[in-house]
Amino acid sequence: MAKLWGGRFSKNTNELVDAFNASIDFDKRLYHEDIRGSIAHAGMLAKCGIIPAEDGEKIIAGLKDILADIEAGNFHFDVALEDIHMNVEARLTERIGSAGARLHTARSRNDQVALDMHMYMKREVAEIAELLLKFEEALLTVAKKHEKTLMPGYTHLQRAQPITFAHHMLAYFNMLQRDFRRLLGVWEGADMMPLGAGAIAGTTFPIDRFMVAEELNFGTVYPNSMDAVSDRDYIIEFLSFASTLMMHMSRLSEEICLWSSTEFGFVELDDAFATGSSMMPQKKNPDIAELVRGKSGRVFGDNMTLLTIMKGTALAYNKDMQEDKEAIFDALDTVKMCLTAFTPMLDTMRVIPENMRKAAAGGFINATDCADWLTKNGVPFRDAYKATGELVARCIELGTDLENLPMDEYKKVCDVFNDDVYSAISLERCTNERTVFGGPASANV
Ligand code: ARG
């Protein structure tokens, strides 16, 4: 196959080099953006009088035919043509002749691939934003149902203080809101139009980059041609956003795995969103949560891949940058798949408030409130803390809890205690009096 760039070469490319060099297997997914970008470029070239108007029309019609062929599955992608850009261009010229050969005027594959990737990222970011909002909505829905569902809050995975399940869910909601804000930042970075940068130093043709930007709905145009062709920051920003989102989902996944264990029994996953074991008939496994937790590692890897690819590249474009694609495509696919599976799993998850309450009633999670009660009755906090610690030890000795410990035991430790303490350490009060801004009291939540 004759190369589009074959002019200065006297030998054919070695087959191994073709295979090694080619990105068509993975960059063919940019076909839509590549063709839309080329249509905008050709339209601009014609309007600016750089190519004849009728050639512009032929190019645009030819590109639309190729788009239809690809979408109908009637397009053969050729490895010898290396990438999506040359596959489309070669086919165009094959079909419409010399007009097709004018398409690449004032353009390089370096700014072309940058344009394609920006357009592709904008489309994907919009899709992911929607999935993220649905996930946030699912968390809000669960929270709304469980404003009064008491559960133990944990630190060090040890029962700590009482909270509500709503409060717990809304902590994740807040994380996702930050993720959403980061995603908007990714959009901003992607919304800059690189075409017209050429290979590195722009062009002497009187092109209009702003016309292309407007045609393709870009907010801004890269003001530096070298940066335009070698910037992958918006991709790294996406991967950083994606890593953080996956880390959040992985934490919730871990909790769902714990909560759905017999030991916790806080939730039960819907049969449609859990799986069985091939050997153990009793098993119901939280595979989705586990996979999301596992796939977070993949996305972190993709993030590191991009940073490592970029770190040693001198300005401007280097072929290293072709390696951005598999990592970013993998991360995009993974994040979308995880969000798509996770939201309905959450929507259908059965919460078991009785078990949460039972767990909240054990483990002395009202000990802080007992110490606080003493403090509010004039005992310095450190002394109150020590006295309550002694009460807890006594409870463990007697096999009881603070709610059921007799008053004479309280008095032995500190004579400020009276019967009012019992209502102060009831779980409902412990939770609902945490009315501090940001606290779990259902009135705040
Ligand atoms: N397939 C290439 C990439 O993804 C397109 C740009 C190639 N440019 C070049 N001069 N070899 O980065």
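Each chain carries its own residue numbering, running from 1 in the written order of its sequence. Residue-level local features of this predicted model are given only where pLDDT is at least 70; pairs of side-chain atoms are given and counted only at 80 or more, and the full residue set underlies all totals for whole chains, interfaces and linings. The side-chain numbers reported here are obtained from all heavy atoms of the structure, hydrogens and water having been left aside.

K.L.:
Explain the overall build of the chain here, please?
P.N.:
Regarding its fold elements, the chain presents 18 helices and six strands. For 445 residues, the compact-globule estimate of 2.2 N^0.38 gives 22 Å, and the C-alpha radius of gyration of the chain, at 31 Å, exceeds that figure by more than 25%. Viewed in the frame of its principal axes, the chain has a C-alpha envelope of about 100 × 50 × 35 Å. Burial classification: accessible surface area is computed with a 1.4 Å probe over protein chains only, and a residue below 20% of its type maximum counts as buried, one above 50% as exposed, and the rest as partly exposed. Going through the 445 residues of the chain one by one, you find that 50% of them count as buried. Contacts are residue-level and defined by heavy atoms, with any inter-residue pair within 4.5 Å sufficient. Taking as baseline every contact in the chain between residues at least 6 positions apart, the subset at least 24 positions apart corresponds to 75%. Counting from the N terminus, the helices are DSSP H or I runs at least four residues long and the strands are E runs at least two residues long. Values of the radius of gyration come from C-alpha atoms, whereas the globule rule sets the reference at 2.2 Å times the count of residues to the power 0.38.

K.L.:
Quick question: what am I supposed to make of unusual backbone geometry here?
P.N.:
Residues other than glycine predominantly adopt negative phi, and peptide bonds predominantly adopt the trans conformation. Residue A316 follows L315 across a cis peptide bond; omega there is 0°. As for its placement among the helices and strands, A316 is situated in the loop between helix 11 (287-311) and helix 12 (324-348). At L157, a position not held by glycine, the phi torsion is positive, near 60°. Its identity is not glycine, yet F364 carries a phi of approximately 55°, on the positive side.

K.L.:
I'm lost on the site of the ligand in this one. Help?
P.N.:
The nearness test applies per residue and asks whether one of its heavy atoms lies within 4 Å of the molecule or strand. Around the ligand sit S23, D27, D83, H85, R109, N110, V113, Y317, Q322 and K325, and those are all the residues in its vicinity. Residues adjacent in sequence count toward polar contacts only when both atoms are side-chain atoms; beyond that, a polar contact is any pair of N or O atoms within 3.5 Å, and within protein one must be able to donate a hydrogen and the other to accept it. Between the ligand and the protein, one listed contact pairs a nitrogen atom with a side-chain N or O atom of R109 at 3.5 Å. The separation between an oxygen atom of the ligand and a polar side-chain atom of Y317 is 2.4 Å. Sort the elements by how many residues they give to the shell around the ligand and helix 6 (residues 109-145) lands first, with three residues. Charged residues are taken to be Asp, Glu, Lys and Arg, nonpolar residues to be Ala, Val, Leu, Ile, Met, Phe, Trp, Tyr, Cys and Pro, and polar residues to be all remaining types, Gly included. When the residues that make up the shell around the ligand are grouped by side-chain class, the tally is two nonpolar, four polar and four charged.

K.L.:
Explain the pattern of salt bridges to me, please; I cannot follow it from the model alone.
P.N.:
Side chains bearing opposite charge may pair, as long as their charged atoms lie close to each other. The rule for a salt bridge is simple: a side-chain nitrogen of Lys or Arg has to be within 4 Å of a carboxyl oxygen of Asp or Glu. In total, this model carries 28 salt bridges according to the counting rule given. A salt bridge links E254 to R293; its shortest N-O distance comes to 2.5 Å. Note that E254 is positioned in helix 10 (residues 233-259) and R293 in helix 11, a separation of 39 residues in sequence. Since its relative accessible area comes to 29%, R293 is described here as partly exposed. The closest approach of N and O atoms between E268 and K284, which form a salt bridge, is 3.0 Å. In this pair, E268 sits in strand 5 (residues 267-268) while K284 sits in the loop between strand 5 and helix 11, placing the two residues 16 residues apart along the sequence. On the accessibility criterion, E268 (32% relative accessible area) is partly exposed.

K.L.:
Got a minute to help me understand the state of the cysteines in this structure?
P.N.:
A covalent bond bridging the sulfur atoms of two cysteines is what the word disulfide describes. Two cysteine sulfur atoms make up a disulfide if the distance between them is within 2.5 Å. Applying the stated criterion across every chain yields a total of zero disulfides. This cysteine, C395, is not joined by any disulfide, and C370 carries the nearest cysteine sulfur, 8.7 Å off. Classification of C395 by relative accessible area gives buried; the value is 0%. Here C414 stays free of any disulfide, with the sulfur of C370 as its closest cysteine sulfur at 9.3 Å.

K.L.:
Honestly, the environment of A101 in this entry has me stumped. Any pointers?
P.N.:
Looking at the secondary structure, you find A101 in the loop between helix 5 (84-96) and helix 6. Spatially, the C-alpha atom of A101 lies 19 Å from that of T204, the residues being 103 residues apart in sequence.

K.L.:
Help me understand the side chain of S108, please; the structure alone is not making it clear to me.
P.N.:
The residue S108 is located in the loop between helix 5 and helix 6 in this model. For S108, the residues in contact, after removing those within four places along its chain, are G198 and A199.

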